[in-house]
Amino acid sequence: MTAMTPGWAKRLVDADLLGALTVPARQGDYPRASRAFVRIDTSLRIYWHTLFDICPGLLDLSGPDGLSIFRPFMAWAADERLSLNWTYYLWVDVWLRRSPFAGRVTPELRLSLIGASAARWATGDRLEAGGIVLSGLDAADLVCGWKARSIDAGRQVERIGLEDPLPTAPEPFGFFTVPGGELDGGFPGWTPIPR
């Protein structure tokens with residue numbers, strides 16, 4: 001005779017959990033001792049560390065666990081169906097400006113978020129472009145991320161102020177890529193950041 005298996009104990013695979021892997025509130029749908037709970041927790045920790053290890057200044061706003069930023073941001077990102085690729089930090093900036101933390105976000109913290117996105121693009125992009133240029137609606141300077149140009153070099157991020165400013169970027173951010181490691185190919189126009 002085969003024992004009945006409780007519904008929650010049904011063996012779930014990651015594909016069954018895709019909708020919950022980035023949503024802290026969905027973790028509560030599963031018992032703490034279940035594989036699903038642990039799998040969701042592991043997934044959320046990756047996002048947490050990706051954010052707060054790279055931009056520790058966020059912990060000054062939120063407190064040492066970061067959860068007052070992390071949980072509502074991740075819920076908002078899920079509602080907005082954001083992909084959380086290289087644009088992850090830019091979307092955090094967008095959320096912060098609409099959050100109760102809006103008045104406490106310093107220009108330095110904003111710059112660290114934009115720089116983190118540029119660095120993530122420079123590390124993860126596999127297309128032929130050599131660099132990315134980012135600007136926000138109220139950002140005076142450009143932030144550029146450059147891919148490594150040799151096996152011994154790392155990616156680079158720099159802030160550039162122009163004598164002749166470019167047209168205003170679309171809200172909340174715009175970007176364009178350049179083929180080489182310099183801003184010498186002209187201005188191709190801004191592309192809104194992907195969702």
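Residues numbered from 1 in each chain as written. Predicted model: local features only at pLDDT ≥ 70, side-chain atom pairs only at ≥ 80, totals over all residues. Heavy atoms only, no water.

Caption draft 1: Structural detail: unusual backbone geometry. Across the junction of Glu171 and Pro172, the peptide omega takes the value 0°, indicating a cis bond. Position of Pro172 relative to the elements: it lies in the loop between strand S3 (156–160) and strand S4 (173–178). With phi around 55°, Arg81 is a residue other than glycine that occupies positive phi space. In this structure, Arg81 sits in the loop between helix H5 (67–80) and helix H6 (88–98). Even without being a glycine, Leu84 presents a positive backbone phi close to 55°. Along the chain, the position of Leu84 falls in the loop between H5 and H6. (Helix = DSSP H or I, 4+ residues; strand = E, 2+ residues; numbered from the N terminus.)

Caption draft 2: View of the sheet that holds strand S2 (residues 142–146). Read across the open sheet, the 5 strands follow the order S3-S2-S1-S4-S5; overall the sheet is antiparallel. The sheet terminates laterally at S3 and strand S5 (191–192), the two strands that pair on one side only. Here strand S1 (residues 131–136) runs beside S2; their pairing, made up of 4 bridges, is antiparallel. Directly across from Ile132, in S2, lies its bridge partner Gly145. (Pairing = 2+ DSSP bridges.)

Caption draft 3: Examining the nonpolar core more closely. By size, the foremost hydrophobic cluster in this structure holds 48 residues, and its most contacted members are Leu58, Phe73, Tyr88 and Leu96. The set of elements that each furnish at least two residues to this core consists of helix H3 (35–52), helix H4 (58–62), H5, H6, helix H7 (107–124), S1 and S4. With 8 residues, H6 is the single largest residue contributor to this core. Excluding anything up to four places from it in sequence, Leu96 contacts Leu58, Leu61, Ile69, Phe101, Ala102, Val105 and Leu113. The next biggest cluster of nonpolar side chains, apart from the first, holds 9 residues, and it includes Trp146, Ile160, Ala169 and Phe176. (Core = buried A, V, L, I, M, F, W, Y, C linked by side-chain atoms within 4.5 Å. Buried < 20%, exposed > 50% of the residue type's maximum accessible area, 1.4 Å probe, protein only. Contact = heavy atoms within 4.5 Å.)

Caption draft 4: Broad picture of the side chain of Ser117. With respect to the secondary-structure elements, Ser117 resides in helix H7. Among the polar contacts listed, one links the side chain of Ser117 to the backbone oxygen of Trp86, at a separation of 2.7 Å. When residues no more than four places from it in sequence are discounted, the contact partners of Ser117 are Trp86, Thr87, Tyr88, Tyr89, Leu90 and Leu134. (Polar contact = N/O pair within 3.5 Å; in protein donor to acceptor, adjacent residues only side chain to side chain.)

Caption draft 5: Up close: the environment of Ser135. Among the secondary structure elements, Ser135 is positioned in strand S1. For Ser135, a relative accessible area of 9% gives the class buried. The residues contacting Ser135, other than those within four sequence positions of it, are Asp141, Leu142, Ala169, Phe173, Gly174 and Trp190.

Caption draft 6: Highlighting the environment of Glu108. Note on placement: Glu108 falls in helix H7. Taking relative accessible area as the criterion, Glu108 reaches 58% and is therefore assigned exposed. Along the backbone, Glu108 and Ala15 are 93 residues apart, and their C-alpha atoms lie at a distance of 39 Å.

Caption draft 7: Region of the structure containing the packing of H3 against H6. Orientation of H3 relative to H6, taken along the N-to-C sense of each, is 80°, at an axis distance of 11 Å. The orientation of H3 relative to H6 falls into the category roughly perpendicular. Within the contact between the two elements, H3 uses Tyr47, Thr50 and Leu51 and H6 uses Tyr88, Tyr89 and Val92. Its residues placed into classes, the contact of H3 with H6 shows 5 nonpolar, 1 polar and no charged. (Axes fitted to C-alpha atoms, helices over the stretch in contact; angles between N-to-C directions. Parallel < 35°, antiparallel > 145°, perpendicular 65-115°, else oblique. Nonpolar A, V, L, I, M, F, W, Y, C, P; charged D, E, K, R; others polar.)

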